[in-house]
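Coordinate analysis (summary)
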Amino acid sequence: MATGRTHRPATRSRGIPEATVARLPLYLRALTALSERSVPTVSSEELAAAAGVNSAKLRKDFSYLGSYGTRGVGYDVEYLVYQISRELGLTQDWPVVIVGIGNLGAALANYGGFASRGFRVAALIDADPAMAGKPVAGIGVQHTDELEHIIESDGVSIGVIATPAGAAQQVCDRLVAAGVTSILNFAPTVLTVPDGVDVRKVDLSIELQILAFHEQRKAGEEGGPDSGAPAPAARAAAAAAGDRKGPDGDMPAVMPA
């Protein structure tokens, strides 16, 4: 089976927009659910509703894949599953290394969705010598001293960083120097990487803060246009934030790793 080190997804060379690429996993998740129910075909409207997008956008996205469906019939579910999986590079083996096996890192290691989507957790890495050899999700944790050797021996091209913020950039630099070209960052910091290295940042508290914004807006609308006082939930959140100031006087960017 091919590894991620020697084969790259074809999306960039084929000129598929990044916004479309970001939606392909949504379509794949919806299609996989249909496939598991043995649904043979699906209309653009039905699939768009299941993926949470509008049907015109879905049809435009699929046109980049060269898939237009059949009038009056719709899209072949199994073929689309294969086609999108191929575009995302999920028809090959992608070894992944997770660095930082605290609560978050351990939760990621235990996530069962990796293997079914083409990702194999090749190694778990932690800087704490006391963690060395401890099994997490059936995999023995290894010390960071082994990082470069593991990347080389397993052909790892995707790294997951779940360390505290202070260690993330150093870990990132070591991953990149060893040959990792894609990084999923859960650490509460912005990473600096050279050209040719892709970084995706997952920040749970930012998502919660966005939801809090919308909740506050909804509470303000319910209180009427003249309601100037913050809603009880907003007051509670503000009070809590005052007790948990970060280095810049605001709430930490993410929940501790």
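Presented here is a report on the structure given in the accompanying data block. (Residues numbered from 1 in each chain as written. Predicted model: local features only at pLDDT ≥ 70, side-chain atom pairs only at ≥ 80, totals over all residues. Heavy atoms only, no water.)

Taking strand neighbours across the sheet as the criterion, the 7 strands line up as β5-β6-β4-β3-β7-β8-β9 in an open arrangement whose pairing is mixed. Of all the strands in the sheet, just β5 (135-136) and β9 (198-201) have a single pairing partner and so form its edges. Relative to strand β7 (residues 158-161), helix α8 (residues 165-178) is tilted by about 170°, and along the sheet it contacts β3 (94-99), β7 and β8 (182-185). (Pairing = 2+ DSSP bridges. Helix = DSSP H or I, 4+ residues; strand = E, 2+ residues; numbered from the N terminus. Contact = heavy atoms within 4.5 Å. Axes fitted to C-alpha atoms, helices over the stretch in contact; angles between N-to-C directions.)

Let us now look at the packing of aromatic side chains. For the structure on display, the rule yields 3 aromatic pairs. Both rings, one in Y27 and one in F62, keep their centres 5.0 Å apart while their planes meet at 75°; by these two values the pair is edge-to-face. Here Y27 is found in helix α1 (residues 18-36), whereas its partner F62 is found in helix α3 (residues 55-64), with 35 residues between them in sequence. Note on Y27: relative accessible area 0%, which makes it buried. With a relative accessible area of 0%, F62 lands in the buried category. Centroid distance F62 to Y75: 5.1 Å. Interplanar angle 85°. Geometry classified as edge-to-face. In this pair, F62 is assigned in helix α3 and Y75 in strand β2 (residues 75-76), connecting sequence segments 13 residues apart. Ring pairing ties together the aromatic residues Y27, F62 and Y75, which thus form one cluster. (Phe/Tyr/Trp six-rings, centres within 6.5 Å; stacked < 30°, edge-to-face > 60°. Buried < 20%, exposed > 50% of the residue type's maximum accessible area, 1.4 Å probe, protein only.)

All chains considered together, the criterion is met by 6 salt bridges. Put simply, R59 and E45 hold a salt bridge, and the shortest N to O gap is 3.6 Å. Residue R59 is located in helix α3, and its partner E45 is located in helix α2 (residues 44-51); the two are separated by 14 residues in the primary sequence. Residues E215 and K218 are paired through a salt bridge, measuring 2.7 Å at the closest nitrogen-oxygen approach. Placement of both E215 and K218 in helix α9 (residues 204-223) is noted, with a separation of 3 residues, approximately one turn of the helix. The exposure class assigned to E215 is partly exposed, which follows from its relative accessible area of 47%. By relative accessible area, which is 42% here, K218 ends up partly exposed. (Salt bridge = Lys/Arg side-chain N within 4 Å of Asp/Glu carboxyl O.)

Judged by nonpolar contacts, the single largest core of 23 residues is most densely connected at Y27, L31, V42, L47, L58, F62 and I84. At the level of secondary structure, the elements contributing two or more residues to this core comprise α1, α2, α3 and α4 (77-87). Here this core gets 7 residues from one element, more than from any other, and that element is α1. In this structure, A122, A123, A168 and V176 belong to the second largest nonpolar core, which totals 21 residues. (Core = buried A, V, L, I, M, F, W, Y, C linked by side-chain atoms within 4.5 Å.)

Attention now moves to the environment of L175. Here L175 shows up in helix α8. On the basis of relative accessibility, which here comes to 0%, the residue L175 falls in the buried class. If near-sequence neighbours (up to four positions away) are discounted, L175 is found in contact with V97, V99, L147, I151, G159, I161, V180 and I183.

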